[in-house]
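Read off the chains here:
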Amino acid sequence: MSAKPNLLSGMQPSASSLHLGNYLGALVNWVRMQEDFNAFYVIVDLHAITVPQDPNELRANTRRTAAQYIAAGIDPSKSALFVQSHVPAHAELAWVLNCITGFGEASRMTQFKDKSQKAGTDSASVGLFTYPILQAADILLYQPKAVPVGEDQRQHLELTRDLAERFNSRFGQTFTIPEAHILKETAKIYDLQNPTAKMSKSAADPKGLVNMMDDDATIAKKIKSAVTDTEGSIKSDWENKPGVSNLLSIHSSLSGESVISLEERFSGAGYGVLKAEVAEVVISAIGPIRDRANDLMSDQAELDRLLASGAEKAKTVANQTLAAVYDRVGFIKPE
Ligand code: ATP
Ligand code: LTN
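Residues numbered from 1 in each chain as written. Chains lettered and ligands numbered in written order. Predicted model: local features only at pLDDT ≥ 70, side-chain atom pairs only at ≥ 80, totals over all residues. Heavy atoms only, no water.

It is worth spelling out the pairing of strand β1 (residues 6–11) at this point. β1 sits mainly inside the fold: 5 of its 6 residues count as buried. At this point the chain moves from β1, through helix α1 (residues 20–33), to the parallel strand β2 (residues 38–43), and the crossover so formed is right-handed. (Buried < 20%, exposed > 50% of the residue type's maximum accessible area, 1.4 Å probe, protein only. Helix = DSSP H or I, 4+ residues; strand = E, 2+ residues; numbered from the N terminus. Right-handed = clockwise from strand over helix to strand, strands pointing away.)

Our next topic: the packing of aromatic side chains. Each aromatic ring pair is specified by the distance between its two centres and by the angle formed by the two planes. In total, this model carries 10 aromatic pairs according to the counting rule given. Taken together, a centroid distance of 4.8 Å and an interplanar angle of 0° make the contact between W30 and Y41 stacked. Note that W30 is positioned in helix α1 and Y41 in strand β2, a separation of 11 residues in sequence. Looking at W30, the relative accessible area reads 4%, which means it is buried. The class of Y41 is buried, set by a relative accessible area of 0%. Consider the rings of F112 and F129, whose centres lie 5.1 Å apart with planes at 75°: the pair is edge-to-face. Here F129 lies in helix α7 (residues 126–129) and F112 lies in helix α6 (residues 110–119), a separation of 17 residues in the sequence. Residue F112 shares its accessibility class with F129, and that shared class is buried. Taken together, the aromatic side chains of W30, Y41 and Y69 make up a single cluster linked through ring pairs. (Phe/Tyr/Trp six-rings, centres within 6.5 Å; stacked < 30°, edge-to-face > 60°.)

To continue, consider the pattern of salt bridges. The final tally for this structure, using the stated rule, is 16 salt bridges. Of the charged contacts in the structure, one is a salt bridge between K241 and D229, with a shortest N-O distance of 3.2 Å. You can see K241 sitting in the loop between α10 (216–224) and α11 (242–255) and its partner D229 sitting in the loop between α10 and α11, a full 12 residues away along the chain. As a salt-bridge pair, R290 and D291 come within 3.1 Å of each other at their nearest N and O atoms. (Salt bridge = Lys/Arg side-chain N within 4 Å of Asp/Glu carboxyl O.)

L81 and I223 are the most contacted members of the largest nonpolar core, which has 55 residues in total. Examining the composition of this core, we find that 9 residues originate from one element, helix α13 (residues 271–298), more than from any other. With sequence-adjacent residues up to four places away left out, L81 is seen in contact with M11, Y41, I43, A66, I70, I74, L306, L307 and G310. In terms of nonpolar packing, the next biggest core, distinct from the first, is built from 40 residues, I100, I133, V149 and F175 among them. (Core = buried A, V, L, I, M, F, W, Y, C linked by side-chain atoms within 4.5 Å. Contact = heavy atoms within 4.5 Å.)

Turning our attention to the site of ligand 2. Close contacts around ligand 2 come from L8, S9, G10, V44, H47, Y131, Q135, D138, I139, V147, V149 and Q153, and that covers them all. At 3.0 Å, a side-chain N or O of Q135 approaches a nitrogen atom of ligand 2. D138 places a side-chain nitrogen or oxygen 2.7 Å from a nitrogen atom of ligand 2. Protein contacts shield 88% of the accessible area of ligand 2, which totals 370 Å² for the unbound molecule. Every element with two or more residues in the shell around ligand 2 is listed here: β1, α8 (131–140) and β4 (146–149). It is α8 that provides the largest number of residues to the shell around ligand 2, a total of 4 residues. (Near = heavy atom within 4 Å. Polar contact = N/O pair within 3.5 Å; in protein donor to acceptor, adjacent residues only side chain to side chain. Areas by Shrake-Rupley, 256 points an atom, 1.4 Å probe, with all protein chains shown as cover.)

In this section: the packing of α11 against α13. Interaxial distance between α11 and α13 falls to 9 Å at its minimum, and their mutual angle equals 35°. You can see that α11 and α13 cross each other, and the crossing is left-handed. Contacts from V244, L247, L248, I250, H251, L254 and S255 in α11 reach Y271, L274, K275, E277, V278, V281, V282 and A285 in α13. Residue composition of the contact of α11 with α13, by class: 11 nonpolar, 2 polar and 2 charged. (Axes fitted to C-alpha atoms, helices over the stretch in contact; angles between N-to-C directions. Left-handed = near helix turned anticlockwise from the far one by under 90°. Nonpolar A, V, L, I, M, F, W, Y, C, P; charged D, E, K, R; others polar.)

Moving on, we get to the site of ligand 1. Around ligand 1, the structure places 14 residues, and the nearest of them are H19, I189, K198, S200 and S202. In this structure, an oxygen atom belonging to ligand 1 sits 2.5 Å away from a side-chain N or O atom of S200. Here S202 contributes a side-chain N or O atom positioned 2.6 Å from an oxygen atom of ligand 1. Contact with the protein chains hides 72% of the accessible area of ligand 1, taken as 600 Å² for the molecule alone. Residues that form the shell around ligand 1 fall into these classes: 4 nonpolar, 7 polar and 3 charged.

With that out of the way, let us pick up unusual backbone geometry. In this model, Q143 sits at a positive phi of 50°, which is unusual for a non-glycine residue. Considering the arrangement of structural elements, one finds Q143 in the loop between α8 and β4. What makes Q143 partly exposed here is its relative accessible area of 24%.

Given below as structure tokens:
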């Protein structure tokens, strides 16, 4: 590929649809970054089985996730979009990294503490415990300069850097030390029903999140029933008017019109007018992505072919790193 620096990020195939928060908070940036970087985007199905999963759902969600990423602008001819289990080097490097990670070090990962508490410590799996080490393997295989992630992944990135430095100093220079590219909070999208909580797939009320795969009527209905306030003025004031502020922010992020200009244009108008226009803006942004994703899913053979070619690109780089690692730790080459 080109002389651009490498970049890697990963997403779990854990839902049947992405939501507007995932799109504006992460995916839009990934699409933009593929111009300046040699990008690797991995759908982490190995990570998805660290908690109990339904096999048919996992299969369907893996393809649906891929379709939505491509539909939203990840270009398989520019970037390598692939499925983690198609590149065995991920599991292979994870084993080596497991062996240089301290038990105490792994025990300090806060995401494991949160998730295992939810599952009940007895039912949490060892796979969930070593999740961050598999993530480190995902990253280090591709020698990336940058790893775009949300704030919640900062600790996993720190562990990745520590493991890379440890390996390099013990066995000789092997890994690039990656930098976390923490995606800015500017495009943080809030729940439509509970606008002080972030839009999240684990929301209590499904009416609060706009899914990328929702049909137009559903999107319009959800936005029209968004919680606002009784004051009646259209201005951005996150403290006192989180619902209205969120609608303005969604509009602005998708349309490119500034919040100040929206405030001026809507001055004196009622919330119904604002909601109708936000619904229009969301539908015109998301509708075509949803339709393309549905088209891609209707041709499963073509989708699988795109993923296979992504995996081939990924393997070229990953296998080279893995071969160096195997050699440095003292494994002999097979005849
Ligand atoms: P969960 O329901 O488990 O919290 P989620 O819906 O928040 O999941 P993740 O899979 O944790 O989504 O996140 C995927 C990416 O989307 C991350 O980079 C995250 O920062 C981003 N993201 C998620 N929700 C939002 C949001 N409401 N606003 C902006 N970005 C978001
Ligand atoms: N843990 C991440 C998903 C993930 C990832 C990665 C992100 C797995 N492997 C490698 C960046 C790089 C999450 O839950 N968002």
